[in-house]
Amino acid sequence: MKTGQCRCGNRIFFNNFNCIACGAVLGSCTACGNLTSLSSAGQVQTCDRCAAAVYPCVNRDSGACQSFNVAPRILCKWCNFTSIVPTLSGPDSIRRWVAMETAKRRLLVQLEELRLPPFVDDVASTHPLRFEMLEATTGTNGETRDVVTGHRDGVITINMAEADSVHRERIRVQLREPQRTLVGHMRHEAGHYIDWAWATPVAGDRYRQLFGDPNSLDYNACLQRHYDQGPPADWANGFVSAYATMHPWEDFAETVNVYLDVMAIATTANDIGRHQLDISSSADPKKLVAAVLAIVVEVSEYNFDLGLAPLLPERLSPRVIDKLAYVHALRSITTSRAANSDCNPSRS
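Residues numbered from 1 in each chain as written. Predicted model: local features only at pLDDT ≥ 70, side-chain atom pairs only at ≥ 80, totals over all residues. Heavy atoms only, no water.

**Some words on helix α8 (residues 318-329)**
(1) Moving on: With twelve residues, α8 extends 16 Å between its outermost C-alpha atoms, agreeing within 8% with the 16 Å of an ideal straight helix rising 1.5 Å per residue.
(2) Moving on: Of all twelve residues in α8, nine are buried; the element is thus mostly enclosed.
(3) Moving on: Within the sequence span of α8, burial applies to V320, I321, K323, L324, A325, Y326, V327, H328 and A329.
(4) Moving on: Taken together, the buried residues of α8 touch α4 (182-211), α6 (248-271) and α7 (285-305). (Helix = DSSP H or I, 4+ residues; strand = E, 2+ residues; numbered from the N terminus. Expected span 1.5 Å × (residues − 1). Buried < 20%, exposed > 50% of the residue type's maximum accessible area, 1.4 Å probe, protein only. Contact = heavy atoms within 4.5 Å.)

Structure, rendered in structure tokens:
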């Protein structure tokens, strides 16, 4: 993730609210798009980068957002993507909601930087994206209504229990998912959204060549088979994860997840100045993935020193890299190409 700079010269990271060096108010200015410090000017703040008069997002007081807007008393463009906020009266509900909003904002900032849906062409209007953050409820009869995290027709539903580290770790072990995180959930479900809103409509033929035809398989039957039998023994030869073997939809979503992981690592590596990787849409995806995997090997060793999990798989098969290249190429598809459903984004 890209960082910013305080007026005192200290570095600003993604979710900083105040500078630890000089105490300045920090935030993301939606007028200029920078992480920056802000100066007081009466009842408003002034962006130290673009000098715009800005006002805090309504959610800033709760710690759920550090953005500043050009108009007062409104939600920022990131918080506006959430259509349902959970009840915040529970002892841990605000903490969990803040964690969810932070992960969601990290996802949306990245999608905008990469020009992936909904930040490409008119996708935001034709295939709007919304988030519903829900908690399981208990009815008057004592029956619990569970919330299933997932995507449907542009709505990403997130079970608030995923913000609880104990719950998430229990499910991670139960489902044998080595990297189950909040931002990982967001990136996976965004993969389903990108599938629905962009990949299948504009590059369907190549999609089916790489991932298979999702409409030829019964999703529920595939899901049951996956949990009954597990993945094939050689799944790593063609898939980014064991879960990706379950169905083409999950294969694509998991691939998007890993692609966004790769791009996040590459962006951070560039920002801290240790690397100069080409992360543009015209970059060679194979060279980019290879460069990031070299970083992954190094950082994973640091993780192992502390008894932590590897950052990402340290090796990806040629077939998986072809799938990642497909996602990479979706960034350069334009409206003129979208009219041709037979286009092959791997050639762009």
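Still to come is the rest of the account.
**What to know about the side chain of D251**
(1) Moving on: Tracing the backbone shows D251 in helix α6.
(2) Moving on: With a relative accessible area of 1%, D251 lands in the buried category.
(3) Moving on: A distance of 2.7 Å separates polar atoms of two side chains, one belonging to D251 and the other to K323.
(4) Moving on: Once residues lying within four places of it in the same chain are set aside, the contact partners of D251 are F211, F239, A244 and K323. (Polar contact = N/O pair within 3.5 Å; in protein donor to acceptor, adjacent residues only side chain to side chain.)

**Points about helix α1 (residues 93-114)**
(1) Moving on: For α1, which comprises 22 residues, the first-to-last C-alpha distance of 32 Å matches the rise-based estimate of 32 Å (1.5 Å per residue) to within 8%.
(2) Moving on: Taken across its 22 residues, α1 has 16 buried, putting it largely inside the fold.
(3) Moving on: Downstream of α1 by one or two residues, R115 has phi in the positive range, about 55°.

**Things to note about the sheet that holds strand β8 (residues 82-84)**
(1) Moving on: A sheet is described by the order of its strands in space; here four strands give the open sequence β8-β9-β13-β12, paired in mixed fashion. Strand pairing shows two members of the sheet lacking a second neighbour, β8 and β12 (150-152), which therefore form its edges. Put simply, the sheet's adjacent strands are angled 30° from each other on average, direction ignored.
(2) Moving on: Bridge analysis of strand β9 (residues 130-134) against strand β13 (residues 155-159) gives five bridges, and the strand direction is parallel. Paired with L134 across the strands is N159, a residue of β13.
(3) Moving on: With respect to the sheet, α1 is in contact with β8, β9 and β13, its orientation differing from that of β9 by roughly 160°.
(4) Moving on: The strands touched by α4 within the sheet are β9, β12 and β13, with β12 carrying the most contacts at an inclination of about 20°. (Pairing = 2+ DSSP bridges. Axes fitted to C-alpha atoms, helices over the stretch in contact; angles between N-to-C directions.)

**Remarks on the packing of aromatic side chains**
(1) Moving on: Applying the stated criterion across every chain, the model contains ten aromatic pairs.
(2) Moving on: Measuring from ring centre to ring centre gives 6.1 Å for W78 and F119, while their planes differ by 70°; the resulting arrangement is edge-to-face. Placement of the pair is W78 in the loop between β7 (67-69) and β8 and F119 in the loop between α1 and α2 (123-126), with a sequence separation of 41 residues.
(3) Moving on: For W78, a relative accessible area of 5% gives the class buried.
(4) Moving on: When the centroid spacing of 5.8 Å and the interplanar angle of 70° are considered together, the rings of F211 and Y326 count as edge-to-face. Placement of F211 in helix α4 and of Y326 in helix α8 is noted, with a sequence separation of 115 residues between them. The pair F211 / Y326 is uniform in exposure class, with both members buried.
(5) Moving on: Following the ring pairs from residue to residue traces out a cluster consisting of Y207, F211, F252 and Y326.
(6) Moving on: When the ring centre of F239 is taken as reference, the NZ or CZ atom of R319 above it lies at 5.3 Å. (Phe/Tyr/Trp six-rings, centres within 6.5 Å; stacked < 30°, edge-to-face > 60°. Lys NZ or Arg CZ within 6 Å of the ring centre and 35° of its normal.)

**Some details on the nonpolar core**
(1) Moving on: One finds F252, Y326 and L330 to be the most contacted residues of the largest nonpolar core, which totals 71 residues.
(2) Moving on: Mapped by element, the contributors of at least two residues to this core are α1, β9, β13, α4, α6, α7 and α8.
(3) Moving on: Broken down by element, this core gets its largest block of residues, 13 residues, from α4. (Core = buried A, V, L, I, M, F, W, Y, C linked by side-chain atoms within 4.5 Å.)

**Digging into the packing of α7 against α8**
(1) Moving on: Direction vectors running N to C along α7 and α8 enclose 115°, while the axes themselves pass 9 Å from each other. Relative to α8, the element α7 lies roughly perpendicular. Remark: the crossing between α7 and α8 carries right-handed chirality. Facing α7, whose interface residues are P285, K286 and V289, α8 presents I321, D322, L324, A325 and H328.
(2) Moving on: A class-by-class count of the residues in the contact of α7 with α8 yields five nonpolar, one polar and two charged. (Parallel < 35°, antiparallel > 145°, perpendicular 65-115°, else oblique. Left-handed = near helix turned anticlockwise from the far one by under 90°. Nonpolar A, V, L, I, M, F, W, Y, C, P; charged D, E, K, R; others polar.)

**What about the pattern of salt bridges?**
(1) Moving on: Tallied over the full model, the rule gives nine salt bridges.
(2) Moving on: Between D261 and R187 there is a salt bridge, and its shortest N-O distance comes to 2.7 Å. One end of the pair, D261, is in helix α6; the other, R187, is in helix α4, with 74 residues separating them in the sequence.
(3) Moving on: For R187, a relative accessible area of 7% corresponds to the buried category.
(4) Moving on: The salt bridge partner of D205 is R208, with a shortest N-O separation of 2.7 Å. One end of the pair is D205 and the other is R208, both in helix α4 and three residues apart, which spans about a single turn.
(5) Moving on: When its relative accessible area of 28% is taken as the criterion, D205 is described as partly exposed. (Salt bridge = Lys/Arg side-chain N within 4 Å of Asp/Glu carboxyl O.)

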